[in-house]
Amino acid sequence: MIAAMLAAIIAYLPALRAPYVFDDISAIPGNASIRQLSTSMSPPPNTAVSGRPAVNYTFAVNYWINDRLGVDQRATPNGRNKTLGFHLVNLLLHIACGLLIFCLLRDVLRVCLDGPMAFDADNLAVAVAALWLLHPVQSEAVNYLVQRTELLVSFCYLATIYSASRAWRAQSPWRWYTVAVVACLLGMLSKEVMFTAPVALAIFDRIFYSRSWAAMWHDGKRVAFYGLLALTSVVVVAAAMAGTRAGTAGLHSGISVPAYVYSQAWAITHYLRLIVIPAGLTFDYGAAPVVGMRGMPGAIVLAAIAGATVIAWTRLEKRRWVAFAGSWFFLTLAPSSSIVPISTEIAAERRVYLALVSVLIMIVLGADHLVRRHERLRRWGLRVAVMTCMLFTALTFLRSVTYASSERLWRDAMEKVPGNPRAYHSLATELVYEDPPRLFEAETLLREAIRRDSLYAPAWSSLAAVLADLNRSGDAEAALARVLAIDPGNDDATALLGRLLLRRGNAAGAIPYLEGHARAFPSDDAFVSLGTAYLMAGRGDDGYAALREALRLNPARVDAMRTLGGALAEQGRAADAVPILEAAVRTDSLSALSQALLSYALARLGNRNEASRHAAIAAANANGSASVFILAGRAEFA
């Protein structure tokens, strides 16, 4: 098992410094709640961590550690070690899940089975756990940082079942029962998948430990234990009622139940194909539902698996592993791949993260049974297992290399699912944020995304932003008008239109749009734009309040400090401005503009020696900036 863990570390090594991608951005660098441990249990709305406070707390711990280590955690620019701690925690959680799978299977094989299988319990458990750890289909859950939701809920899911298994074999079970209940509660605070854990545990109990359902319910300790587990599910129900994920999941999320169910018939059998032949792994399958006959083969395969599971239950003593594997497979996939539509993704490889256990159990136990019946195959069993693990390690390593570059990852997604407009849009976004920005190539990609789906509003919105950066304001406004025609409440378009009007000097026209965006997405970005608009419109007090809110959300926001401090200095409130501008200089001592503003504020206070010193620093770092020289000159003559 140690060799398997070391192989897992090697397999994921290339992506340990992979940049934030897609939902990572809003959940980590754009998530103000993780900047303090005290606020992390209240994650923001409309992100991948909404309604999942346990995961948000772990991100806050990572942020705290980075802060203590002096890692630059600003959203831009990308730093070499910015994501390292986050990736290490994901990898450690993955390895911890593999260890739990090994321990659980080993104990069940030893205690509940007789004969040669029980004798080889350790080897069989190692085989399943090693293949599970190294399988390349797991690469999304580990390398895509925000999928810590999947890793943490899987750890809690497995910990709940393992702890219960230990409790049923212990003379004094309450300690293990307590661990199981705590793990279940943490899982409920991590992701909705945990909702099925109490049911999965009851099935596990009946298959491997209890003689009958009646015997289970006549055990008072068990009944109390299951009652406590069921009580933890209130967390998931409360999150659903609060609507934390209403925009992306649920009956009103934008895709019908029949269309989603039919699509999942294709998706689940696609996962099975990837398990057997892990070629064609894809980061993003898009949101378009499966139509035509593409889902029919999958529906037939799923019906066959369900039938085999039912038959296994009728012959439980001889087919208990089939009954367990089939039940586990459907239960772990049910929250994401059944009747509750998820409008943003029609398929995602991370959804099979836990379900993979059941498939590998059947493959390994089936292979073991075959080897025992054919003596000549026995010597090949270990060799095939080792070679498969080596192959999986190499494939996962290559997949991690893909994740190490955002551009490479999105180009791969474009090639694998060429009809997915989100891949073109996301690649264009990456190119916009490069230094220098590749705006013309981004425009081409965005127009291709629109050609693939003319109603894909995010591409229109991003196209407007690119056109604005290319100083084609008229074209940008036309693109935004198209966005708002497709989606009248689109927050991205609303914010961009406000910023575009602000850039053109129309602060009064921009304010209603920026106010609406700040209400929907109360981020530091939103309040900086809104505060700037208020100041330009002559609404000083409102501007100060908005900029202070931006700094509350992100105390390291230097541009907010400069705008607020500069405005206060201009209004004759230099005593209030100086501490803010000193904080800006401490945060970014090389910023010539911060130094120049501080020199001006100090001069207004009459502190000419310090004002001259900072003016000299500003001039030395100005790089030809006229505004810096003007401010430094004003400081000298204030």
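See above for the structure.
Heads up: these notes are all about the structure in this document. (Residues numbered from 1 in each chain as written. Predicted model: local features only at pLDDT ≥ 70, side-chain atom pairs only at ≥ 80, totals over all residues. Heavy atoms only, no water.)

1. Section: the packing of helix α15 (residues 296-314) against helix α16 (residues 320-333)
In step 1: The N-to-C vectors of α15 and α16 enclose an angle of 135 degrees; their axes lie 8 Å apart at closest approach. Judged by the inter-axis angle, α15 sits oblique to α16. Note on packing geometry: the crossing formed by α15 with α16 is left-handed. Every residue of α16 that contacts α15 at Leu302, Ile305, Ala306, Ala308, Thr309, Ala312 and Trp313 is listed here: Val322, Ala323, Gly326, Ser327, Phe329 and Phe330.
In step 2: Its residues assigned to classes, the contact of α15 with α16 shows ten nonpolar, three polar and no charged. (Axes fitted to C-alpha atoms, helices over the stretch in contact; angles between N-to-C directions. Helix = DSSP H or I, 4+ residues; strand = E, 2+ residues; numbered from the N terminus. Parallel < 35°, antiparallel > 145°, perpendicular 65-115°, else oblique. Left-handed = near helix turned anticlockwise from the far one by under 90°. Contact = heavy atoms within 4.5 Å. Nonpolar A, V, L, I, M, F, W, Y, C, P; charged D, E, K, R; others polar.)

2. As for the pattern of salt bridges
In step 1: Applying the stated criterion across every chain yields a total of 30 salt bridges.
In step 2: Ionic pairing is found between Arg169 and Asp107, a salt bridge with its closest N-O pair at 3.0 Å. Note that Arg169 is positioned in helix α8 (residues 148-169) and Asp107 in helix α4 (residues 84-112), a separation of 62 residues in sequence.
In step 3: A residue is classified by how much of its surface remains accessible, and Arg169, at 32% relative accessible area, is partly exposed. (Salt bridge = Lys/Arg side-chain N within 4 Å of Asp/Glu carboxyl O. Buried < 20%, exposed > 50% of the residue type's maximum accessible area, 1.4 Å probe, protein only.)

3. Some details on the environment of Leu231
In step 1: Its location among the elements puts Leu231 in helix α12 (residues 220-232).
In step 2: C-alpha separation for the pair Leu231 and Leu185, spaced 46 residues apart in sequence, amounts to 8.9 Å.

4. A look at the packing of helix α21 (residues 439-452) against helix α22 (residues 457-469)
In step 1: Viewed as axis vectors pointing N to C, α21 and α22 meet at an angle of 155 degrees, and their least axial separation amounts to 9 Å. As far as their axial angle goes, α22 and α21 are roughly antiparallel. In this structure, α21 meets α22 at a crossing whose hand is left-handed. Seen from α21, the contacting residues are Leu439, Ala442, Glu443, Leu446, Arg447, Ala449 and Ile450; seen from α22, they are Ala459, Trp460, Ser462, Leu463, Val466, Leu467 and Asp469.

5. Comments concerning unusual backbone geometry
Both trends apply: most residues other than glycine have a negative phi, and most peptide bonds are in trans.
In step 1: Residue Pro436 is bonded to the preceding Asp435 through a cis peptide linkage, with omega at 0 degrees.
In step 2: Secondary-structure assignment places Pro436 in the loop between α20 (421-432) and α21.
In step 3: With a phi close to 55 degrees, Phe22 is a non-glycine residue in the positive phi region.
In step 4: Counting through the fold element by element, Phe22 comes out in the loop between α1 (2-12) and α2 (23-27).
In step 5: With relative accessibility at 29%, the residue Phe22 sits in the partly exposed group.
In step 6: Positive phi, close to 60 degrees, is recorded for Asn471, a residue that is not glycine.
In step 7: Mapped onto the elements, Asn471 comes out in the loop between α22 and α23 (473-486).

Geometric descriptors of this kind do not, in isolation, establish any biological role.
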